[in-house]
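The residues making up each chain are set out below.
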Amino acid sequence: MSKSVITLVLIIFSVFTNAQNWSDKEISTLQKFSLKALKPSVDTSNKYHDNQQAIAFGKALFFDKRLSSDGKISCSSCHDDKYAFTDNRKLAFGTRQGFRNTSTLLNVGSQDWFFADGAKDSLWSQALSSIENPAEQNFTRTELLHLIFEDVNYRNVYQRIVKKELTKEEIENLPEKAGPNSSLENLIAWKKLDKEQRQQINTVFTNAGKAIAAYVATIKSSESRFDNFVDELADKKTSTLLNDSEQRGLKLFMSKESGCANCHSGPLFSNKTFHDISTGIPGKDNGRSEVIESIIRDEFNCLGKYSDAKPEECDELKYINRDKHQLTGSYKTSTLRNIIDTAPYMHDGRFETLYEVINHYLEKSQEKPKKNDLTPIELNKEQQLDLVNFLLTL
Amino acid sequence: MYKIITIILLTCCGFSLMALQGKDNIDKKIQQVSKNSIYQSTLDCKHPLSTGSFQYCNFKLHKKDNLVKNTQIFMSGGMPGHDHGLPTLPQISWSENEQIYVIKGLKFSMPGKWILNFKINASEVADKDMISMAVTVN
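Residues numbered from 1 in each chain as written. Chains lettered and ligands numbered in written order. Predicted model: local features only at pLDDT ≥ 70, side-chain atom pairs only at ≥ 80, totals over all residues. Heavy atoms only, no water.

Engineer: So what's going on with the overall build of chain B? Which residues, and what values?
Structural biologist: For chain B, the count of helices and strands is 1 helix and 10 strands. Start at the N end of chain B and walk to the C end: the helices and strands fall as α-β-β-β-β-β-β-β-β-β-β. The burial tally for chain B puts 41% of its 138 residues in the buried class. Taking contacts inside chain B between residues at least 6 apart in sequence as the whole, the part at least 24 apart equals 55%. Element-wise, carbon and sulfur atoms account for 55% of the exposed surface of chain B, whose accessible area totals about 8,000 Å². (Helix = DSSP H or I, 4+ residues; strand = E, 2+ residues; numbered from the N terminus. Buried < 20%, exposed > 50% of the residue type's maximum accessible area, 1.4 Å probe, protein only. Contact = heavy atoms within 4.5 Å. Areas by Shrake-Rupley, 256 points an atom, 1.4 Å probe, with all protein chains shown as cover.)

Here's what the structure looks like:
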């Protein structure tokens, strides 16, 4: 009799003292991090965002290597679905070596800003910058126009989407290569065009960008082990879909002690804004502070004439933080989803492993005088292991 | 023996009760007097403050018992524990229709304690003052 009572008490005791006991409050917090909490992507600046024909056209353009100066590079060259839409390189390599690590495109439609410094405020203006970037596709606006016109399939589908014909007269007198972000020669050709011609080219250019963006916004991750765990936890108050170490890692991740969830919050495990975690490289790459002016001036931003948004739908741009001093060395909080497939890490791919990332936090958070947005983080070896094990479930 | 069991059981219950007690701190309507005690202010937000999306709040200003209308106010803020400012540049302006100051573009990037500052730039020099308000973001 007393033996069985003791066993019972021991069982009860082990349930209560088990670190993997989740309170209702904790569970409801975890649900805010679940993929189910991710709101559908909207982009009022892109009227083709949900247009099925535009999505199909955009997908074709995404994989089309003809959209590059050497005919060898497409978006998919760097954003390869085999590696969660990255390239697994330290730094991207297009028509030449770039200076940033390739970001994953999974769930990117739910971001507010694009690129590590948020240099673009929409997926379509982002796509246009990759097409023109001399280190990526190095293609010009008129080359794209000629390509869409001359490929009969492209021309037809383009015309069906925008409900307007591309006429021979519009195209035939345009130079083969011209664009404002290209070589001097192509820039001069661009300057020689009159304002109306440039606007007409920009319209086709931005429409193609909007089609690509409509496709990119459909790239989403499937539910991870973490999501399944949260579902079961909400249902049964307990779950073994994550093992002990992973659950301890999750607790730690959510705790004040680590502070990780201060910035890596919500279903993307990112608060989608900019922080200084001492990854900037003074004099070389200061992140967010360097792009504020160009975002405000960008002809392809939310408030510009190629945007389909009403001014009141451009709050992110209208209320953009302009404090360059505060933003020096700040980068967008990276999403941690699919982190197992997206190494190397940080905007410049400086770290090969998650242990190196955590070491960075341990070191930089203790620095005095304090120069970044981190509060002191101290974790022993076992806690580091738990944290990494948890991150790998995302 | 039973005594020990009872103690263990009581301890367990105690812990689980403690876990249940962590209650949400809901800040929706906050009042604060200005530094030089010239003004009383009320911040009234549509929802409890949270991270991730724009927050919709109104601001009311009184001097003695009179509503202070259409004066220039500058807003700033930050997180004292983390040495960083607001993630956006919110604007506060007088709304003739609603007879209240409307705040637009306010966002928070992290949960925790934030400070919001309202610099009252009244035309009378003697009426210039500053209001600092502590808010909790969930």
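Engineer: Lay out the state of the cysteines in plain terms, naming residues and giving numbers.
Structural biologist: Taken as a whole, this structure holds 2 disulfides over all chains when the rule is applied. With a sulfur-sulfur separation of 2.1 Å, A:C302 is cross-linked through a disulfide to A:C314. Taking the sign of the S-S torsion, -75° for the link of A:C302 and A:C314, the bridge is left-handed. Separated by 12 residues along the polypeptide, A:C302 in the loop between α14 (292-297) and α15 (315-318) and A:C314 in the loop between α14 and α15 bring together distant segments of the chain. Grouping residues by exposure puts A:C302 and A:C314 together as buried. A sulfur-sulfur distance of 2.1 Å marks the disulfide that ties B:C45 to B:C57. In this structure the cystine formed by B:C45 and B:C57 twists about its S-S bond by roughly 100°; its chirality is therefore right-handed. You can see B:C45 sitting in strand β2 (residues 39-45) and its partner B:C57 sitting in strand β3 (residues 55-63), a full 12 residues away along the chain. Exposure remark for B:C45: the relative accessible area of 5% places this residue in the buried category. We note that A:C78 lacks a disulfide partner, and the nearest cysteine sulfur, in A:C75, lies 8.7 Å from it. Given a relative accessible area of 12%, A:C78 falls into the buried group. Left without a disulfide partner, A:C263 is nearest to the cysteine sulfur of A:C260, which lies 9.1 Å away. (Disulfide = S-S within 2.5 Å.)

Engineer: Give me the lowdown on the domain arrangement of chain A, citing residues and values where you can.
Structural biologist: All names here are of chain A. Domain assignment breaks chain A into domain 1 (17-37 + 222-282 + 329-391) and domain 2 (52-216). Computed from C-alpha atoms alone, the centre-to-centre distance between domain 1 and domain 2 is 34 Å. Facing 18 residues of domain 1, the contacting portion of domain 2 comprises 21 residues. Summing both sides of the interface, domain 1 and domain 2 together bury roughly 1,600 Å²; the carbon and sulfur share of this comes to 53%. Among the salt bridges present, the one from D112 reaches K272, with a minimum N-O distance of 3.9 Å. One can count 7 residue pairs in polar contact (both at pLDDT 80 or more) joining domain 1 with domain 2. When the residues that make up the side of domain 1 that touches domain 2 are grouped by side-chain class, the tally is 7 nonpolar, 5 polar and 6 charged. (Domains from an automatic or database assignment. Buried area = accessible area lost by both parts, 1.4 Å probe. Salt bridge = Lys/Arg side-chain N within 4 Å of Asp/Glu carboxyl O. Polar contact = N/O pair within 3.5 Å; in protein donor to acceptor, adjacent residues only side chain to side chain. Nonpolar A, V, L, I, M, F, W, Y, C, P; charged D, E, K, R; others polar.)

Engineer: Outline the packing of helix α17 (residues 354-364) of chain A against helix α18 (residues 381-391) of chain A, supporting the account with residue identities and numerical values.
Structural biologist: Two quantities define a packed helix pair, namely the angle between the helix axes and the distance between the axes. Residue and element names in this part refer to chain A. Where α17 contacts α18, the axes come no closer than 10 Å and their chain directions differ by 125°. As judged from the angle between their axes, α17 and α18 are oblique. As for how α17 packs across α18, the hand of that crossing is right-handed. Taken together, the residues of α18 that come into contact with α17 (itself represented by L354, Y355, I358 and L362) are Q384, L385, L387, V388 and L391. Partitioning the contact of α17 with α18 into residue classes produces 8 nonpolar, 1 polar and no charged. (Axes fitted to C-alpha atoms, helices over the stretch in contact; angles between N-to-C directions. Parallel < 35°, antiparallel > 145°, perpendicular 65-115°, else oblique. Left-handed = near helix turned anticlockwise from the far one by under 90°.)

Engineer: I'd love a proper account of the pairing of β3(B), names of residues and values included.
Structural biologist: Residues and elements named next belong to chain B. As paired strands, β2 and β3 are joined by 7 bridges and run antiparallel to one another. Considered in β3, the bridge of C45 is made with C57. Pairing analysis gives 4 bridges linking β3 to strand β8 (residues 100-106), with the strands arranged antiparallel. From the neighbouring strand, Q55 faces β8, where its bridge partner is L106. Between β3 and strand β4 (residues 66-67), which follow one another and run antiparallel, lie 2 residues, and K64 among them has a positive phi close to 50°. (Pairing = 2+ DSSP bridges.)

Engineer: Give me helix α11 (residues 225-236) of chain A: which residues, what numbers.
Structural biologist: All names here are of chain A. Spanning 12 residues, α11 covers 16 Å between terminal C-alpha atoms, matching the ideal 16 Å at 1.5 Å per step. Along α11, the positions that sit buried rather than exposed are F226, D227, F229, V230 and L233. The buried residues of α11 all sit within an arc of 160° when viewed along its axis, so they share a single face. Next to the buried residues of α11 lie α2 (24-31), α12 (244-254) and α18. Positive phi shows up at K237, right after α11, with a value of about 70°. (Expected span 1.5 Å × (residues − 1). Arc of directions from axis to C-beta.)

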